[in-house]
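Report on the structure
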Amino acid sequence: MNPKTTGVNFAVFCSGQGTNLQAMIDAAKKKRISAKLALVVCDNPGAHAIERARRAGIPVAVFDPEDFASKKELEAAVIGELNRGKIRLIALAGYMRILSDDFVRRYKNRILNIHPALLPSFKGGQAIKDAIKYGVKVTGATVHFVSEEVDAGPIVLQAVCPVKNNDSEKTLLARVHKLEHKIYPEAIELFARGKLKAAGRRVIVK
Ligand code: GAR
């Protein structure tokens, strides 16, 4: 991640709504991201994210797990597509599959993820619900590099918001999404400009 990487192609992996994908599409349009959003990878043929990508004219590759005998075969197909698109950075945005260790190692420090909590708090798939249930007064969003351990890679950016007394999952998710849509494009731009430097667990923003 050290060399200046302006001009990088990046891919967004998603499974669902694609609001983070949309934030990246919008940021690219406004020239807030200099990297090129060259590919959307989706594992869910019914995902709204696919529609968003098509509307923006971005190539979409759908890999339905049902069409593959194993995770290894699915990931081999994904890697083929990433190679064809000369993809340098992968941004996971609500991609609800765990990547294999081999895949993570192949793209070491080149896979980002967005998580709807202040890691290391509330790892896993129910971060919003868990934060409300636990009773924390603040939560937020985290962009981190993906490592073999889920939700545990080096943290790139975080942003904080309050948890209000009357919050439902829906109202809190909306507040967290606002943070995500701001810091995820920022993190991609930092990567693209070669501004992220790994120092053990810490990521220094130059
Ligand atoms: C985002 O809120 C993201 O933080 C979360 O999925 C949502 C996807 O929304 N990811 C995780 O919970 C990963 N553990 P989107 O499809 O509208 O971008």
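Here the structure is shown first, and the text comes after it.
Because the structure is predicted, anything quoted here is derived from the model rather than measured.

1. Things to note about the overall build of the chain
Summing up its helical and strand segments, the chain has six helices and nine strands in all. The C-alpha atoms of the chain give 16 Å as radius of gyration, which agrees with the globular expectation for 206 residues (17 Å, within 12%). Over its C-alpha atoms, taken along the principal directions, the chain stretches across nearly 50 × 40 × 35 Å. Every one of the 206 residues in the chain was classed for burial, and the buried ones make up 49%. For the chain, the share of sequence-separated contacts (at least 6 apart) that also reach a separation of at least 24 residues comes to 64%. When the accessible area of the chain is evaluated, it comes to approximately 10600 Å², of which 51% is carbon and sulfur surface. Where the 34 positive side-chain charges of the chain centre and where its 20 negative ones centre are 10 Å apart.

2. Quick word on the site of the ligand
Surrounding the ligand, one finds Gln 17, Gly 18, Thr 19, Asn 20, Gly 94, Met 96, Ile 114, His 115, Pro 116, Gly 124, His 177 and Glu 180. Separating an oxygen atom of the ligand from a side-chain N or O atom of Thr 19 is a distance of 2.6 Å. At 3.4 Å from an oxygen atom of the ligand is found a main-chain nitrogen or oxygen belonging to Pro 116. Considering the ligand on its own, with 450 Å² of exposed area, one finds that the protein chains cover 88% of that surface. Counting only elements with at least two residues in the shell around the ligand, the list comes to α1 (19-29), β5 (111-115) and α6 (169-192).

3. Focus on the sheet that holds strand β4 (residues 87-92)
Strand order in the open sheet formed by seven strands is β3-β2-β1-β4-β5-β6-β7, with mixed pairing between adjacent strands. The sheet is open, and its two edges are formed by β3 (60-62) and β7 (155-162), each paired on a single side. Between one strand and the next, the sheet's axes are offset by a mean angle of 20°, whatever the strand orientation. Examined bridge by bridge, β4 and β5 share three bridges and lie parallel to one another. In the sheet register, Ala 91 faces β5, and the bridge partner there is Leu 112.

4. Some thoughts on unusual backbone geometry
Here the amide bond leading from Leu 119 into Pro 120 is cis, since omega sits at 10°, within 30 degrees of zero. Mapped onto the elements of the fold, Pro 120 is located in the loop between β5 and α5 (127-134). Despite not being glycine, Lys 31 shows a phi value in the positive range, around 65°. Structurally, Lys 31 is set in the loop between α1 and β2 (36-42). Here Lys 31 falls in the exposed class, since its relative accessible area comes to 73%. In the Ramachandran plot, Asp 151 falls in the positive-phi region, its phi being about 60° despite a non-glycine side chain.

5. Digging into the packing of α1 against helix α2 (residues 48-55)
Between two packed helices, both the angle of their axes relative to each other and the distance between the axes serve to describe the pair. Running from N to C, α1 and α2 cross one another at 15°; their axes reach a closest spacing of 9 Å. Put simply, α1 runs roughly parallel to α2. Regarding α1 and α2, the two cross each other, and that crossing is right-handed. Contact residues: α1 offers Thr 19, Leu 21, Gln 22 and Ile 25, while α2 offers Ala 49, Arg 52 and Ala 53.

So, how was this worked out
Residues numbered from 1 in each chain as written. Predicted model: local features only at pLDDT ≥ 70, side-chain atom pairs only at ≥ 80, totals over all residues. Heavy atoms only, no water. Helix = DSSP H or I, 4+ residues; strand = E, 2+ residues; numbered from the N terminus. Rg over C-alpha atoms; globule rule 2.2 N^0.38 Å. Buried < 20%, exposed > 50% of the residue type's maximum accessible area, 1.4 Å probe, protein only. Contact = heavy atoms within 4.5 Å. Areas by Shrake-Rupley, 256 points an atom, 1.4 Å probe, with all protein chains shown as cover. Lys, Arg positive; Asp, Glu negative; His and termini not counted. Charge placed at Lys NZ, Arg CZ, Asp CG, Glu CD. Near = heavy atom within 4 Å. Polar contact = N/O pair within 3.5 Å; in protein donor to acceptor, adjacent residues only side chain to side chain. Pairing = 2+ DSSP bridges. Axes fitted to C-alpha atoms, helices over the stretch in contact; angles between N-to-C directions. Parallel < 35°, antiparallel > 145°, perpendicular 65-115°, else oblique. Left-handed = near helix turned anticlockwise from the far one by under 90°.

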